[in-house]
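Read off the chains here:
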Amino acid sequence: MKVEVREKSENFIEAPSLDDLVSDAAELLPQQAPLHAFVHHNTLHHFEHLPFEEAAIAASKILGTEGFQSEAAFRSHIESGRILDRDLVETVRDGEHAREETIFEGGPTVREFRLFRLQHLFEIPTGASLRWQLEEGGAASKLRSDLSTERRNQILALGSEDEELAQIWGALERVAEVEVKVGTCVGPRWRDRLYAAFGSDTDCEVHPCLIRLSAAFLDQGVAYWAMPDRDRGFLSAVRRLYGLRFGPPFPWADGLGLKLREQESEGWSAEETVEWALDEMQVSDLDRAEVIRSTLLSLRGWAGMMREIELHPDRAPVEAPPASLMDYLAVQLCLDLFAARAAVREHLGNGKTLSDVSRPVSPRAKQNLALVYEAYALAQLSDLPLETFQSRDVAKLWMQAVSDFDSIERRRVLHRAYERRHRVEVLDAIAKAPLKISRLDSPVPLFQTIFCIDDREESLRRHLEQVQPDVETFGYAGFFGVAMDYQGLDDVRSKPLCPVVIKPQHLVREVAEAPGDAKGYSRAMKRKAFAQHASSVGARTLVRGGLISSLLGPLLIMPLVGHALFPRIARRIGEWFDKGGIERPATRLVIEAPPDLDVEEAIRAGYSVEEMADIVESALRTMSLDPAASSLVIVVGHGSSSLNNPHEAAHDCGATGGGRGGPNARAFAGMANHSAVRELLASRGMTIPKTTWFLGAYHNTCDDGVTFYDEDLAPEQVMETIGVAKRRFRAACEMDAHERCRRFETAPLKVSRKRALADVQEHAVDLAQPRPEYGHATNAVCIVGRRDLTRDLFLDRRAFLVSYDPTSDPKGELLAPLLLSVGPVGAGINLEYYFSFVDPSGYGSGTKLPHNISGLVGVMDGHASDLRTGLPWQMVEIHEPVRLLTIVEAGVPILEKVLAEHAALRGLVGNGWIQFVSRDPESGSLAVFERGGFRPYVPESVERGVAQDSVSYYGGRRGHLPPVWLKDAEVA
């Protein structure tokens, strides 16, 4: 066949390719890794080029989700004092709501009307509820029950209020009439068209089938029978499975098996299959993008996971199948096509095809009675004479004002007021921080600690400083600059422990100190694994499963009962049985690269001395940590472990890509203790005394336990200090657990510290506990600056604390890379919590109660549903959805320079995905980034809130608390 080649004219615009259309649609899919590698990210990553509020609204229209809290929620915030009237006034006065023109002559200005509307939030009935109120309840001629006494008396004085109100309703109703227009209300996807035409939802046929196929293909070893031929790809595996002689076992799939066999025998590619399906469904070139997008979004959880495994096969828990989103789309379109054909035959008769279905259209509503109801209610609530609204011109203008300030616009403004109150509380407290900060004024620290910047470590640092006033604490990203692939002694393969945007180039392994111990341990673990695997597989077979159930069933009930009734005791017994006499040998990390290091390898074993020195130097200089100030520096990584929590990785360290930061802390300490590293650092002007020792540690944020690494390597002269530090950590962890317990409804408000620690330990091992910990559910603030800026400030476990000393970085050279690191990470955590809270079903994964793990990659509701992405409600239920308030201790000129030079940070700040504030290190003045520039902040309160200590402040209260100073230090 001869192919005619046409030259492109100057005006010819080439249609986007199929690959481009699929790639564009893929941007709207969730970018969530499998459960074991869960990392927080901006839920609306595809909309980051837009300002935050516009993005929230645009995403809502495409995904059918909510971008802000409901009006009912905001109404409760106003009633509780969480939003003050002053916040509403200031917010409405700002920006596009500040227009002073009147709505009509003698009426309120736009600003006055909008403030009035926000001060009168009420439910607007729709549908059947509205019809009932109008027809049976007489809403169109009765006074509202929420009128003030003065307004009610004013209306009653008119004489016949029923007649007067009916006239007002009639005037508003008449101007609400619109010309009847016929418009297409159905998208180009066949499911939507058939549903509009016949009430037949083909997704109910296709989705259960597609879910089973996707789950089987992506399964990571849970299924007893693996999906055959999945090594050939999803499309080919489905063709071979459903192309068997008897075809797929569905009445609607008549002819599908034959077509799949034909495609497989002729070697159709996924692209060819998609093209064929779109042509068969009569999809025009103009509709292709929307059809592909809406098709993939119809099961966006599974489609998103297919895409993630395709792009990041290394994130698969065990082994990644050759996933392809194009394969997935080809399968779904084929299923959609045959289900649509079956629906047409069912409703129009045999022999009918898709061509016989006319495009459904629907007329627009003739009247928007809900809008009339709203305008009518506001007319009653206003202080204007009722007869004013009988004028057609006034009624029309009033209706327009009500329509312009619809629910979305109201919630947008209410959200600003909600954030404003929180911002004022935090900035007013920061404004009272000591102006002059000098290291010389501080006592010589007994020991120093480096924590992750994580908001959950804020309280532990605060309590540690309380029990050991001469301790110095720092905050640094929890991978501590050690971006590595890590393989622990019990790990089958290595895993990255670094931010997801970094691809590690170094492998660090944990090995047994004595080679002989390693061999014996390995053999014992293999025997144990073999026995567990045989038991697990046998339990799912007919004969062995029956024998196991009959013989061991009663015994297996006992652990279940124990975990439910006595979680901590059952956990100890379980750990004893798990060990089975196997003692884990003493281990070391292999950090240093061998002498014959091959720098060309993608993943190299260990680090060179120069690379280790660079890591240590960068961290210490960024934090301005003086290693000569004390004899002991403790580096504390963190993670979380709980018994029954599919989203456990979401509680781990985001800086390690959803892993646990203990190995990173251990590796950093080993690098800083390395004699050759110290010699190289000394040549660069950074001296670490021989008397200073770095000790790695790991904090479990779920049970508040702390593990210390390689204590036996520490020199004798520092052992006493280590002993003191461990005792202080134990005390601080008890206090931390006590503070955490106030947020658990199951824990009494009055509880001792020891009982509180026991409670959080029980939460971690309780089989029935849906809230082992609340993770980042209180995050709201990020403070980049010296610790002295916030030391003695109660921040309620809500702040990421990042150590940075502006006096040692006058040009901001260290600040830019620091902000480029903590800005996106903090924003990703904050925004995922935000969206999972404001729409727990659309953006979050809903309640945990019906969740079932599917193939180790995600969770479903019940036995079959779309993969649920985002965070479960039990992780976010106490969250306050505010954008991250990022306060940086640096002058405005330096921050403006950083923003101008770094587009990624400029977009994050300029588009309002975070709130950005400058705190001048010299004057202490604050400036908030608003409307494209920094604007001076004037504190609302001149008083400094003071509390005796943390316990006296939070004691007896469960809700969020504003910052308060814990001792009356001198105020500049």
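Notes on the structure follow. Note that the structure is a prediction, hence the values are computed from the model and not measured.

1. Quick word on the overall build of the protein chain
Within the protein chain, the regular secondary structure consists of 33 helices and 22 strands. In summary, the protein chain has a C-alpha radius of gyration of 32 Å against a globular reference of 30 Å for 972 residues, a match within 12%. Considered along the principal axes of its C-alpha atoms, the protein chain spans approximately 90 × 80 × 70 Å. A buried classification covers 53% of the 972 residues belonging to the protein chain. Sequence separation of at least 24 residues holds for 73% of the intrachain contacts in the protein chain that already meet a minimum separation of 6.

2. Quick word on the packing of aromatic side chains
The description of an aromatic ring pair uses the distance of the two centres, along with the angle that the planes make with each other. Inspection of every chain in the model, using the stated rule, returns 27 aromatic pairs. Between the aromatic rings of Phe389 and Trp398, the centroid separation amounts to 4.9 Å while the plane-to-plane angle is 70°, which identifies the pairing as edge-to-face. Each member of the pair, Phe389 as well as Trp398, carries the same accessibility label: buried. Put simply, the rings of Phe52, Tyr834, Phe835, Tyr843 and Trp913 touch in pairs and so form one group of aromatic residues. Its end group placed over the ring of Phe338, Arg341 keeps NZ or CZ at 5.1 Å from the ring centre.

3. Some details on unusual backbone geometry
Trans is the prevailing form of peptide bonds, just as negative phi is the prevailing case for residues other than glycine. Non-glycine residue Ser624 carries a positive phi angle of around 60°. Relative to the helices and strands, Ser624 resides in the loop between helix H24 (609-623) and strand S10 (632-639). If you check the backbone angles, Arg797 has positive phi at about 60° while not being a glycine. Its place among the elements puts Arg797 in the loop between strand S14 (793-794) and strand S15 (799-803).

4. Brief notes about the pattern of salt bridges
The full count for this structure, using the stated rule, is 66 salt bridges. In this structure, the salt-bridge partner of Glu275 is Arg288, at a minimum N-O distance of 2.6 Å. Residue Glu275 is located in helix H13 (residues 270-280), and its partner Arg288 is located in helix H14 (residues 288-297); the two are separated by 13 residues in the primary sequence. You can call Arg288 buried: its relative accessible area is 12%.

5. Focus: the side chain of Arg307
Tracing the backbone shows Arg307 in helix H15 (residues 300-311). Non-local contacts of Arg307, meaning those with residues more than four positions away in its chain, are made with Ser23, Ala26 and Leu325.

6. Focus: the environment of Ala768
Within the secondary structure, Ala768 is located in the loop between helix H28 (753-765) and strand S13 (781-785). For Ala768, a relative accessible area of 59% translates into the label exposed. Between the alpha carbons of Ala768 and Leu643 there is a distance of 9.1 Å; along the sequence they are 125 residues apart.

7. Side note on the packing of helix H20 (residues 456-467) against helix H27 (residues 719-741)
Relative orientation of the contacting elements H20 and H27 amounts to 130°, with a least axis distance of 8 Å. Here H20 is positioned oblique relative to H27, judged by the angle of their axes. As H20 packs across H27, the resulting crossing turns out to be right-handed. Touching Arg456, Ser459, Leu460, Arg462, His463, Leu464, Gln466 and Val467 of H20 are Arg728, Phe729, Ala731, Ala732, Cys733, Met735, Asp736 and Glu739, all from H27. For the contact of H20 with H27, the class distribution of residues is eight nonpolar, three polar and five charged.

8. Remarks on the sheet that holds strand S20 (residues 926-930)
Judged by pairing direction, the sheet is mixed, and its six strands sit side by side in the order S15-S13-S18-S19-S20-S21 without closing on themselves. Every other strand in the sheet has two partners, leaving S15 and strand S21 (933-936) as the edge strands with one partner each. Neighbour-to-neighbour, the strand axes of the sheet open up by a mean angle of 25°, direction not taken into account. Here S13 pairs with S15 via five bridges, running parallel. Each bridged residue has a counterpart across the sheet, and for Cys782 the counterpart in S15 is Phe800.

So, how was this worked out
- Residues numbered from 1 in each chain as written.
- Predicted model: local features only at pLDDT ≥ 70, side-chain atom pairs only at ≥ 80, totals over all residues.
- Heavy atoms only, no water.
- Helix = DSSP H or I, 4+ residues; strand = E, 2+ residues; numbered from the N terminus.
- Rg over C-alpha atoms; globule rule 2.2 N^0.38 Å.
- Buried < 20%, exposed > 50% of the residue type's maximum accessible area, 1.4 Å probe, protein only.
- Contact = heavy atoms within 4.5 Å.
- Phe/Tyr/Trp six-rings, centres within 6.5 Å; stacked < 30°, edge-to-face > 60°.
- Lys NZ or Arg CZ within 6 Å of the ring centre and 35° of its normal.
- Salt bridge = Lys/Arg side-chain N within 4 Å of Asp/Glu carboxyl O.
- Axes fitted to C-alpha atoms, helices over the stretch in contact; angles between N-to-C directions.
- Parallel < 35°, antiparallel > 145°, perpendicular 65-115°, else oblique.
- Left-handed = near helix turned anticlockwise from the far one by under 90°.
- Nonpolar A, V, L, I, M, F, W, Y, C, P; charged D, E, K, R; others polar.
- Pairing = 2+ DSSP bridges.

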